[in-house]
Amino acid sequence: MLDMFGMAGSRYLILGGGQGMGEATTRLIASLGGNVAVVDLDLDRANRVAADARALGVCAHAFSVDVTDAEALVATIGEIEDTAGPIDGMASIIGMAAWSSLLDMTTDIWDLDHNRNLRYFFVAAQELARRLYQRNAPGSMVAVASVDGIRSAPNHASYGAAKAGLMNLVKSMAVEWADGGIRVNCVAPGGIVTPRVPLTDADAEARSMALLPMRRRGFPDDIAKAVAYFLSDMSPYVTGQTLAVDGGYTAAGFLGRTLRVPGGGTLGMPKEGA
Ligand SMILES: NC(=O)c1ccc[n+]([C@@H]2O[C@H](COP(=O)([O-])OP(=O)(O)OC[C@H]3O[C@@H](n4cnc5c(N)ncnc54)[C@H](O)[C@@H]3O)[C@@H](O)[C@H]2O)c1
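Residues numbered from 1 in each chain as written. Predicted model: local features only at pLDDT ≥ 70, side-chain atom pairs only at ≥ 80, totals over all residues. Heavy atoms only, no water.

J.: Let's hear about the environment of His156: which residues, and what values?
T.: Here His156 is to be found in the loop between strand S5 (139-144) and helix H5 (157-177). In this structure, His156 is in contact with Ala97, Ala98, Trp99, Ser100 and Asp148, ignoring residues within four places of it in sequence. (Helix = DSSP H or I, 4+ residues; strand = E, 2+ residues; numbered from the N terminus. Contact = heavy atoms within 4.5 Å.)

Given below as structure tokens:
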């Protein structure tokens, strides 16, 4: 295989590799020759994805940990390096939103979303960076945020704030760790079809996609490709960046823009003079 991505033989840690975008990312990395450590709360899922990766001819191990338990997460990273060898890159994909209006939001909800979207990435990235510095080895890390951290997140503001925090955190990590040859970037997905967020019926999908320039939801592979770009030698001079992979959602801003909708007609504010 032509190793255009420079990933063959390297070792990658995928946090949340058991399904959805994490599973697609694991599969893509393995198909590019990267060895993988699949980490998920659900060990059965992690085992299944690791077995699929091994079938692609790479080394793959499965680990189970709740990443919101900082001590256990750090211990698991150590266990992975002891079992599978030193890690070269990490894709941090776990995240979830609690739904609550700001008026009803409790500090427990706030903390929950910050722990499972932002805090664990800080813990894992710090541990991996310390290990990379110790070995004097370069590395690459990618956090998965959300377009909800770029625009507003009504009724799940704790999630939006945590995802926005990720985008800022990768910048600080990128700057502080650049002298170690460690790159840190972020992918911000739009609406992606995953087992947790499945397709609805065709009419509902068409209605909710009407204002989206690319008029379709994304798929886990759309995100996996962006993650692999950041992890690989295809982005050697890129660090501290967030790439929105969202079918044009953040670019559009529907006010002030008129879009043709399926079935005829237009939506959005008409252009001045139109
Ligand atoms: N699906 C979307 O539309 C969408 C949109 C924007 C951003 N995102 C973000 O993309 C990422 C992936 O989303 P997805 O839909 O593929 O997720 P998913 O729920 O389908 O998969 C996440 C995996 O993480 C594991 N996991 C959950 N909590 C864990 C924990 N505490 N410790 C260890 N493992 C845990 C789950 O078992 C699961 O296998 C998340 O960060 C999410 O916030 C998703």
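Once you've had a look at it, read on.
J.: Talk me through the nonpolar core; I want residue IDs and the actual numbers.
T.: With 36 residues, the main nonpolar core has Leu13, Leu73, Met90, Phe121 and Met141 as its most contacted residues. Among the elements of the structure, strand S1 (11-15), strand S2 (35-40), helix H3 (70-84), helix H4 (107-135), S5, H5 and strand S6 (182-189) are those that each provide at least two residues to this core. Examining the composition of this core, we find that nine residues originate from one element, H4, more than from any other. Beyond its immediate stretch of four places on either side in the chain, Leu13 contacts Ala37, Val39, Ile77, Ile80, Ile87, Gly89, Met90 and Ala91. By size, the runner-up hydrophobic cluster in this structure holds 29 residues, among which are Val58, Ala226, Val227 and Ala228. (Core = buried A, V, L, I, M, F, W, Y, C linked by side-chain atoms within 4.5 Å. Buried < 20%, exposed > 50% of the residue type's maximum accessible area, 1.4 Å probe, protein only.)

J.: So what's going on with the packing of H3 against H4? Residues and values would help.
T.: Relative orientation of the contacting elements H3 and H4 amounts to 35 degrees, with a least axis distance of 10 Å. For the element pair H3 and H4, the recorded crossing hand is right-handed. Taken together, the residues of H4 that come into contact with H3 (itself represented by Ala70, Leu73, Val74, Ile77, Gly78 and Glu81) are Arg119, Tyr120, Val123, Ala124, Glu127, Leu128, Arg131 and Arg135. Grouping the constituent residues of the contact of H3 with H4 by class yields eight nonpolar, one polar and five charged. (Axes fitted to C-alpha atoms, helices over the stretch in contact; angles between N-to-C directions. Left-handed = near helix turned anticlockwise from the far one by under 90°. Nonpolar A, V, L, I, M, F, W, Y, C, P; charged D, E, K, R; others polar.)

J.: Describe the pairing of S2, with residues and values.
T.: Counting buried positions along S2 yields six of six residues, so the element is predominantly enclosed. Here S2 shows two buried faces, one formed by Asn35, Ala37 and Val39 and the other by Val36, Val38 and Asp40. Crossover handedness for the path S2 to helix H2 (residues 43-55) to strand S3 (residues 60-64): right-handed. (Right-handed = clockwise from strand over helix to strand, strands pointing away.)

J.: How would you explain the site of the ligand if you had to name every residue and give the values?
T.: The environment of the ligand is made up of 27 residues, and the closest members are Asp40, Ile93, Tyr159, Thr194 and Arg196. Taking Asp40, its side chain carries an N or O atom lying 2.6 Å from an oxygen atom of the ligand. Contact between the ligand and Ile93: an oxygen atom at 2.8 Å from a main-chain N or O atom of the residue. Look at the ligand: alone it shows 840 Å² of surface, and the protein chains cover 92% of it. Of all the secondary-structure elements, those providing two or more residues to the shell around the ligand are helix H1 (20-31) and H5. Across the shell around the ligand, the residue classes break down as 13 nonpolar, nine polar and five charged. (Near = heavy atom within 4 Å. Polar contact = N/O pair within 3.5 Å; in protein donor to acceptor, adjacent residues only side chain to side chain. Areas by Shrake-Rupley, 256 points an atom, 1.4 Å probe, with all protein chains shown as cover.)

J.: An account of H2 is needed here, citing residue identities and associated values.
T.: The end-to-end C-alpha distance of H2 is 18 Å, a good match for the 18 Å that 13 residues give at a rise of 1.5 Å each. Regarding H2, the residues found buried are Ala46, Val49, Ala50 and Ala53. On an axial view of H2, the arc spanned by its buried residues comes to 100 degrees, and they lie on one face. Opposite its buried face, H2 presents the exposed residues Asp44 and Ala55, each directed more than 90 degrees away. For H2, the elements touching its buried residues are H1, S2 and S3. The N-capping residue of H2, defined by a side-chain oxygen 3.1 Å from the backbone nitrogen of Asp44, is Asp42. (Expected span 1.5 Å × (residues − 1). Arc of directions from axis to C-beta.)

J.: Talk me through the packing of H4 against H5; I want residue IDs and the actual numbers.
T.: Their axes nearest at 8 Å, the elements H4 and H5 cross at an angle of 15 degrees. With respect to H5, the axis of H4 lies roughly parallel. Between H4 and H5 the crossing geometry is right-handed. Contacts between H4 and H5 pair Ile109, Trp110, Asp113, His114, Asn117, Leu118, Phe121, Phe122, Ala125, Gln126, Ala129 and Tyr133 from the former with Ser158, Tyr159, Ala161, Ala162, Lys163, Gly165, Leu166, Leu169, Val170, Met173, Glu176 and Trp177 from the latter. Considered class by class, the residues forming the contact of H4 with H5 number 16 nonpolar, five polar and three charged. (Parallel < 35°, antiparallel > 145°, perpendicular 65-115°, else oblique.)

J.: Pulling in residues and values, what's your account of unusual backbone geometry?
T.: Although it is not a glycine, Asn136 sits at a positive phi angle of roughly 55 degrees. Mapped onto the fold, Asn136 is located in the loop between H4 and S5. Located in the positive-phi region is Asn155, a residue other than glycine, with phi close to 70 degrees. The residue Asn155 is located in the loop between S5 and H5 in this model.

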